[in-house]
Structures are given as structure tokens and as C-alpha cells.
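Letter by letter, the chains look like this.
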Amino acid sequence: MKVTIYERVAGSRLAHLVPPAYRDALAGAEPEGLYSLLLFAHAPRDVVPSAPVRRALRRLRERAPAGVLAVGTVFTEEALALLAAEGIRPVALRKARWTDASARGRQE
């Protein structure tokens with residue numbers, strides 16, 4: 001699973017970079033703020049496990065001053081724990097109780 005990383009995005013431009021379904025969830029972003037954006041898989045059946053989150057965190061060189069947003073359909077519990085440990089705000093379409101193991105089973 002690939003992740004697209006935008007290291008510095010103005011809050012006013014976030015809505016132009018994410019799929020339409022996520023725009024309401026990003027409404028609280030400050031238009032003047034600079035954000036880092038991690039754009040994960042966002043098809044309805046996608047589940048974002050911890051491995052791509054870990055890779056994205058390694059690739060993110062510099063965090064923007066207003067914070068980091070991680071956008072994906074749904075994150076596993078392990079992925080959410082990684083994001084929380086790094087102070088990154090997840091923006092998901094839905095909440096579900098997925099684990100890395102159950103997500104692997106779905107993709108097989």
C-alpha cells in the first residue's frame with residue numbers, strides 16, 4: 001500500500017488534495033496553518049495497517065508547524081496507536097475494529 005506525502009500544505013489547500021468524502025472532516029483545519037498530509041488508500045474496502053504508517057513516518061522528513069494529518073478509509077488499531085504515539089491526527093471515513101491480522105485476512 002502506497003502513501004502520498006505532502007510535507008507542507010496550507011490549510012486552505014487541504015480540501016483540494018483529499019478525496020471529496022474527507023473534506024467535511026478537514027473543515028476544522030486553520031486556513032492559514034501549514035500542515036503535513038499523509039494520504040493513504042481511500043477506496044471503500046481499504047484498511048490501512050501499521051506497516052504503511054511506519055514507512056510513512058520514516059519518509060516524513062519535516063513536520064509542518066500546524067501538525068500532521070493522516071487520511072485513510074479506516075485504520076487498524078496498531079496503525080492508530082502509531083499515529084497517536086507520534087501526535088498525528090487520523091482522518092478516517094469510518095471507524096471499525098480492525099487489527100493488522102484481520103486486515104491481512106481481508107486482503108488474501
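Note that the structure is a prediction, hence the values are computed from the model and not measured.

Attention now goes to the pattern of salt bridges. One pass over the full model with this rule turns up four salt bridges. A salt bridge links Glu7 to Arg61, with the nearest nitrogen and oxygen atoms 3.5 Å apart. Here Arg61 lies in the loop between α2 (50-59) and β3 (68-72) and Glu7 lies in strand β1 (residues 4-10), a separation of 54 residues in the sequence. In this structure, Arg97 engages Glu77 in a salt bridge whose closest nitrogen and oxygen atoms are separated by 3.8 Å. Separated by 20 residues along the polypeptide, Arg97 in the loop between β4 (89-92) and α4 (100-107) and Glu77 in helix α3 (residues 77-85) bring together distant segments of the chain. A relative accessible area of 77% means that Arg97 is categorised as exposed. On the accessibility criterion, Glu77 (39% relative accessible area) is partly exposed.

Spatially, β1-β2-β3-β4 is the arrangement adopted by the four strands of the open sheet, whose pairing is mixed. Of all the strands in the sheet, the pair left with one neighbour each is β1 and β4. Neighbour-to-neighbour, the strand axes of this sheet turn through a mean angle of 25°, independent of strand direction. As paired strands, β3 and β4 are joined by four bridges and run parallel to one another. For Ala70, the partnering residue across the bridge sits in β4 and is Pro90.

What follows is about the packing of α2 against α3. As a packed pair, α2 and α3 sit with axes 8 Å apart at the nearest point and diverge in direction by 25°. By the criterion of interaxial angle, the relationship of α2 to α3 is roughly parallel. Contact residues: Ser50, Val53 and Arg54 in α2; Glu78, Ala79, Leu82 and Leu83 in α3. When grouped by side-chain class, the residues that make up the contact of α2 with α3 number four nonpolar, one polar and two charged.

This paragraph deals with the side chain of Thr76. Locating Thr76 in the fold gives a position in the loop between β3 and α3. What makes Thr76 buried here is its relative accessible area of 0%. With residues near it in sequence (within four places) discarded, Thr76 still touches Val47, Val48, Pro49, Ser50, Trp98, Thr99, Asp100 and Ala103.

Moving on: α2. Those residues of α2 that fall on the buried side of the exposure criterion are Ser50, Pro52, Val53, Ala56 and Leu57. Summarising the axial view, the buried residues of α2 lie within an arc of 160°, below the 170-degree limit, and thus occupy one face.

What counts and what doesn't
- Sequence order as written defines the numbering, with residues in each chain counted from 1.
- Thresholds applied to this predicted model are a pLDDT of at least 70 for local features of residues and 80 or more for the giving and counting of side-chain atom pairs; totals over whole chains, interfaces and linings are not thresholded and use all residues.
- Side-chain metrics rest on all non-hydrogen atoms present in the structure, leaving aside hydrogens and water.
- Here, a salt bridge means any side-chain nitrogen of Lys or Arg that lies within 4 Å of a carboxyl oxygen of Asp or Glu.
- Think of it this way: any DSSP run of H or I at least four residues long counts as a helix, any run of E at least two long counts as a strand, and we number them from the N terminus.
- When accessible area is computed with a 1.4 Å probe and restricted to protein chains, residues below 20% of their type maximum are described as buried, those above 50% as exposed, and intermediate ones as partly exposed.
- Paired strands, as defined in this entry, are two strands with at least two bridges between them according to DSSP.
- Between N-to-C directions, angles span 0 to 180 degrees; the directions come from axes that are lines fitted to C-alpha atoms, helices contributing only their stretch in contact.
- Convention used here: angles under 35 degrees read as roughly parallel, angles over 145 as roughly antiparallel, angles from 65 to 115 as roughly perpendicular, and any remaining angle as oblique.
- Every residue pair with non-hydrogen atoms within 4.5 Å of one another is taken to be in contact.
- Residue polarity is assigned by list, with Asp, Glu, Lys and Arg as charged and Ala, Val, Leu, Ile, Met, Phe, Trp, Tyr, Cys and Pro as nonpolar; anything else, Gly included, falls into the polar class.
- Think of the arc as the fan of directions from the helix axis to the C-beta atoms.

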